[in-house]
Amino acid sequence: MSFENLKRNRDQISKLVQAAESVGGGETKSYVDDRIWKPTVDKAGNGYAVLRFLPAAEGQELPWVRYWDHGFKGPTGLWYIENSLTSIGQTDPVGELNSRLWNSGIESDKERARTQKRRLHYVTNVLVAQDPSSPQNEGKVFIYKFGKKIFDKIMDQMQPSFQDEKAVNPFDFWEGADFKLKIRQVEGYRNYDKSEFASSTSLHDGEDTKLEGVYNQLYDLGEFIDPKNYKTYDDLKTKLARVLGEEAAGGGAPTMAQEAQMNEPKPFQPATAESVETTADDEDTMSYFARLANED
């Protein structure tokens, strides 16, 4: 929609809530992506920033997309780090394997399924209002990836628990609210519990010229759920067999050409790890991998 249509059609809370209660989908590149904003933490694991969640870009129905990925090390010592095809409504080989393991009734199989669980990610556009650790980011529009805990806080704004609380659309230019991102290190994990929304206020005091300038900087998030950016089921199954050391059962090792095709970089790639069919928390990607490395 155009900026003028966005301004006229601002009552979107029920639509966003309905979409969030249904289902959705891939980021983290193998190189530095200047579009992606990531919080900085100090040596103690603490971090602070103020963000403004932004509305959907023209041509997009929702201001966010969501996707799942897997990240785990197999018994071969190789890593399986791939987007899950469930993000785009397709069957995924890891999901199939985890379902068989979980339904076996054997506790060791269930534990294995847990270590291979998928993780849920949300992606949206944000305006960085304050970034004390990287002030050069302030006033700029970025893509921000986050997990279920922060999304739950967004939902709490749109669906308040008490009658004296007004529903707020955090993605609205005029009646949204700044988000105070507060990060702590708790038991080895990044914790976002103290993060909160400020009172509802207009971005840039509601000045149309400034708001339209922000609107024109929004990124198209469609790439994160574009099927062409996902590997095929067969490629993922071959990769999974290699990571698990089961290539022989899958028909032999792949040829050099097949290997090159399977490992061909995509426009985005995942970097993290569903209790079998549930979502994960907001554990940071690098924190997740650091923990796995420490368990070796």
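Predicted model, so just to flag it, every value in this text is computed and none were measured.

Thresholds, definitions, all that
- Residues numbered from 1 in each chain as written.
- Predicted model: local features only at pLDDT ≥ 70, side-chain atom pairs only at ≥ 80, totals over all residues.
- Heavy atoms only, no water.
- Helix = DSSP H or I, 4+ residues; strand = E, 2+ residues; numbered from the N terminus.
- Buried < 20%, exposed > 50% of the residue type's maximum accessible area, 1.4 Å probe, protein only.
- Areas by Shrake-Rupley, 256 points an atom, 1.4 Å probe, with all protein chains shown as cover.
- Salt bridge = Lys/Arg side-chain N within 4 Å of Asp/Glu carboxyl O.
- Axes fitted to C-alpha atoms, helices over the stretch in contact; angles between N-to-C directions.
- Parallel < 35°, antiparallel > 145°, perpendicular 65-115°, else oblique.
- Contact = heavy atoms within 4.5 Å.
- Nonpolar A, V, L, I, M, F, W, Y, C, P; charged D, E, K, R; others polar.
- Arc of directions from axis to C-beta.
- Pairing = 2+ DSSP bridges.
- Left-handed = near helix turned anticlockwise from the far one by under 90°.
- Phe/Tyr/Trp six-rings, centres within 6.5 Å; stacked < 30°, edge-to-face > 60°.
- Core = buried A, V, L, I, M, F, W, Y, C linked by side-chain atoms within 4.5 Å.

Caption draft 1: The arrangement of the overall build of the protein chain in detail. Helix and strand counts for the protein chain come out as 9 helices and 9 strands. Classification of the 296 residues of the protein chain by burial places 47% in the buried group. Element-wise, carbon and sulfur atoms account for 48% of the exposed surface of the protein chain, whose accessible area totals about 14800 Å².

Caption draft 2: Spatial organisation of the pattern of salt bridges. Evaluation of the coordinates by the stated rule reveals 10 salt bridges. Residue K231 pairs with E82 through a salt bridge whose shortest N-O separation is 2.9 Å. In this pair, K231 sits in the loop between α6 (208-215) and α7 (233-244) while E82 sits in strand β4 (residues 79-83), placing the two residues 149 residues apart along the sequence. Here the two residues K231 and E82 agree in accessibility, since each one is buried. In this structure, R114 engages E107 in a salt bridge whose closest nitrogen and oxygen atoms are separated by 3.3 Å. Judged by its relative accessible area of 31%, R114 is partly exposed. By relative accessible area, E107 is classed as partly exposed at 49%. Within this structure, D33, R35 and E223 form a network of salt bridges that share partners.

Caption draft 3: Representation of the packing of helix α3 (residues 93-103) against α7. Between α3 and α7, the shortest axis-to-axis distance is 9 Å and the interhelical angle comes to 55°. Between α3 and α7, the interaxial angle falls into the category oblique. Contact residues: P93, V94, E96 and L97 in α3; Y233, L236, K237, L240 and L244 in α7. Partitioned by chemical class, the residues of the contact of α3 with α7 number 7 nonpolar, no polar and 2 charged.

Caption draft 4: Representation of unusual backbone geometry in the model. Although it is not a glycine, E187 adopts a positive phi angle of roughly 55°. Positionally, E187 belongs in the loop between β7 (177-186) and β8 (189-191). One non-glycine residue, D205, adopts positive backbone phi at about 55°. Mapped onto the elements of the fold, D205 is located in the loop between β9 (196-200) and α6. On the accessibility criterion, D205 (69% relative accessible area) is exposed.

Caption draft 5: Looking closely at α6. Looking only at α6, the buried set comprises L211, V214 and Y215. All buried residues of α6 project into a common sector of 100° when viewed along the axis, lining one side. Buried positions along α6 lie against α1 (3-8) and β6 (141-146).

Caption draft 6: The pairing of β4, seen in detail. Of the pairings in the sheet, the one linking strand β3 (residues 64-73) to β4 comprises 5 bridges and is antiparallel in character. What sits directly across from H70, in β4, is E82. Linking β3 back to β4 in an antiparallel pair, the connection comprises 5 residues, with G77 at a positive phi of about 90°.

Caption draft 7: Spotlight on the packing of α3 against helix α4 (residues 107-115). Packing of α3 against α4 brings their axes to within 7 Å, and their N-to-C directions diverge by 150°. One way to sum up the angle between α3 and α4 is to call them roughly antiparallel. Considering the relative orientation of α3 and α4, their crossing is left-handed. Note on element contacts: α4 touches α3 through D109, K110, R112, A113 and R114, opposite L97, N98, L101 and W102. Looking at the contact of α3 with α4 residue by residue, the classes come out as 4 nonpolar, 1 polar and 4 charged.

Caption draft 8: Structural view of the packing of aromatic side chains. Inspection of the entire model under this criterion finds 13 aromatic pairs. Ring geometry for W37 and Y144: centres 5.3 Å apart, planes at 65°, overall edge-to-face. Of this pair, W37 sits in strand β1 (residues 36-37) while Y144 sits in strand β6, placing them 107 residues apart in sequence. No difference in accessibility class separates W37 from Y144, as the two residues are buried.

Caption draft 9: A look at the nonpolar core. Ranked by internal contacts, the top residues of the largest apolar core, which has 31 residues, are F53, W64 and Y144. Counting only elements with at least two residues in this core, the list comes to α2 (13-21), β2 (47-53), β3, β5 (118-130), β6, α5 (148-158) and β7. Apart from the residues lying within four places of it in its own chain, the contact partners of Y144 are W37, P39, L51, F53, Y122, V123, T124, V126, I150 and L181. Core analysis: the next-biggest nonpolar cluster, separate from the first, contains 20 residues, I36, F72, Y80 and V94 among them.

Caption draft 10: Quick peek at the pairing of β6. For β6, a buried count of 6 out of 6 residues is recorded, marking the element as mostly surrounded by other parts of the structure. The side-chain alternation of β6 yields two buried faces, one formed by V141, I143 and K145 and the other by F142, Y144 and F146. Note that β1 and β6 share 2 bridges and pair parallel. In the strand pairing of β6, W37 is matched with Y144. By the bridge criterion, 6 bridges tie β5 to β6 in an arrangement that is antiparallel. Its bridge partner being in β6, T124 is matched across the sheet by Y144.

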